[in-house]
Amino acid sequence: MKIKVLLFGIVTDLIGENEIVIYLPPNSTVENLRLSLALEYAKLGNIHEFAVAVNEEYAENNRVLKATDVVAIIPPVSGG
């Protein structure tokens, strides 16, 4: 299935895009997406440090994705 992934912050800089499409098998989870991103985009390093939102809600690793979902990768934010 085709999943639209929105990228924010440093992730956009590392990948060079603000939106990508990832192809996953049916019934894949957020964890499967994380693993796929880590394999395809080595520059992301430890993808497990990034939050994942599905349809504008933070998602746990066991959430099953649907082809109609919009996923966002949200890096940690720090400031002062």
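Refer to the structure above for everything that follows.
This write-up is about the structure you can find in this document. (Residues numbered from 1 in each chain as written. Predicted model: local features only at pLDDT ≥ 70, side-chain atom pairs only at ≥ 80, totals over all residues. Heavy atoms only, no water.)

1. As for the side chain of S36
Relative to the elements of secondary structure, S36 occurs in helix α2 (residues 30-40). S36 gets classed as buried once you look at its relative accessible area, which sits at 18%. Setting aside residues up to four positions removed in sequence, S36 forms contacts with I22 and L24. (Helix = DSSP H or I, 4+ residues; strand = E, 2+ residues; numbered from the N terminus. Buried < 20%, exposed > 50% of the residue type's maximum accessible area, 1.4 Å probe, protein only. Contact = heavy atoms within 4.5 Å.)

2. Considering the pairing of strand β3 (residues 51-54)
Where β3 meets strand β5 (residues 70-74), four bridges bridge the pair, whose relative direction is antiparallel. Bridge assignment links V54 to a residue of β5, and that residue is V71. Of the strand pairs in this sheet, β3 and strand β4 (residues 57-58) are connected by two bridges, and their pairing is antiparallel. Note that in β4 the partner of A53 across the bridge is Y58. (Pairing = 2+ DSSP bridges.)

3. Things to note about unusual backbone geometry
For N27, which is not a glycine, the phi torsion comes out positive at approximately 65°. Classification of N27 by relative accessible area gives exposed; the value is 63%. Unusually for a residue other than glycine, N55 sits at a positive phi of about 55°. Relative to the assigned elements, N55 resides in the loop between β3 and β4.

4. A few points about the environment of L24
You can see L24 is positioned in the loop between β2 (19-23) and α2. Discounting residues that sit within four places of it in the chain, L24 has contacts with M1, I3, N32, L33, S36 and L65.

5. Examining the pattern of salt bridges
Inspection of the entire model under this criterion finds one salt bridge. Taking the shortest distance from any N to any O, the salt bridge between K4 and E19 comes out at 3.9 Å. Of this pair, K4 sits in strand β1 (residues 2-7) while E19 sits in strand β2, and the two are 15 residues apart along the sequence. On the basis of relative accessible area, K4 is assigned to the partly exposed category, the value being 35%. (Salt bridge = Lys/Arg side-chain N within 4 Å of Asp/Glu carboxyl O.)

6. Structural notes on the sheet that holds β2
Pairing is mixed in the open sheet, where five strands are placed in the order β2-β1-β5-β3-β4. Since the sheet does not close on itself, it has two edges, and those belong to β2 and β4, each with one partner. Relative to β5, β1 runs parallel, the two sharing four bridges. If you follow K4 over to β5, its bridge partner there is V70. Contacts from α2 reach β1, β2, β3 and β5, with the element oriented near 110° to β2. (Axes fitted to C-alpha atoms, helices over the stretch in contact; angles between N-to-C directions.)

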